[in-house]
Amino acid sequence: MIQMYTYIDVADNSGAKECMCVKVLGGTRKRYAGLGDVIIASVKKANPGGDVKQGQVVRGVVVRCKKATRRADGTYVRFDRNAIVLLNKEDEPMGTRIFGAVARELREKAFAKITNLSEEVV
């Protein structure tokens, strides 16, 4: 579960390394984001010379979450760190590579391009 002020790793090569959640999108009273949810975040750490600068406000989709997520078949998926992939205005990934594993739930939530770019889909 990602909520406001949660620090999150960035799992792509857009130039950002760490972000802080500012807002969870999807409703007026939505407090927590899970796998496949879109958030607004502020970049806290960035690589010099990257596309994204420190202090920039960006949109991202949650690809890994420490909180266990239940699947329809009764199994649970859980990761060791929270991670997002930064999105542009058309909800496509900013980077050209995705690092680490991503959850299968992203394909069901219309982020098939992220699952295609990733190394492993869990």
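The structure under discussion appears in the preceding block.
Participant: With reference to specific residues and values, describe the pattern of salt bridges.
Facilitator: Counted by the stated rule, this structure contains six salt bridges. The salt bridge involving arginine 81 is made with aspartate 9; its shortest N-O contact spans 3.1 Å. Here aspartate 9 lies in strand S1 (residues 7–10) and arginine 81 lies in the loop between strand S6 (76–77) and strand S7 (83–87), a separation of 72 residues in the sequence. By relative accessible area, arginine 81 is classed as partly exposed at 47%. A salt bridge links aspartate 37 to lysine 30; its shortest N-O distance comes to 3.4 Å. When its relative accessible area of 13% is taken as the criterion, aspartate 37 is described as buried. Residue lysine 30 is classed as partly exposed on the basis of its relative accessible area of 32%. Counted as one network, the salt bridges with shared partners bring together Lys30, Asp37 and Lys109.

Thresholds, definitions, all that
Residues numbered from 1 in each chain as written. Predicted model: local features only at pLDDT ≥ 70, side-chain atom pairs only at ≥ 80, totals over all residues. Heavy atoms only, no water. Salt bridge = Lys/Arg side-chain N within 4 Å of Asp/Glu carboxyl O. Helix = DSSP H or I, 4+ residues; strand = E, 2+ residues; numbered from the N terminus. Buried < 20%, exposed > 50% of the residue type's maximum accessible area, 1.4 Å probe, protein only.

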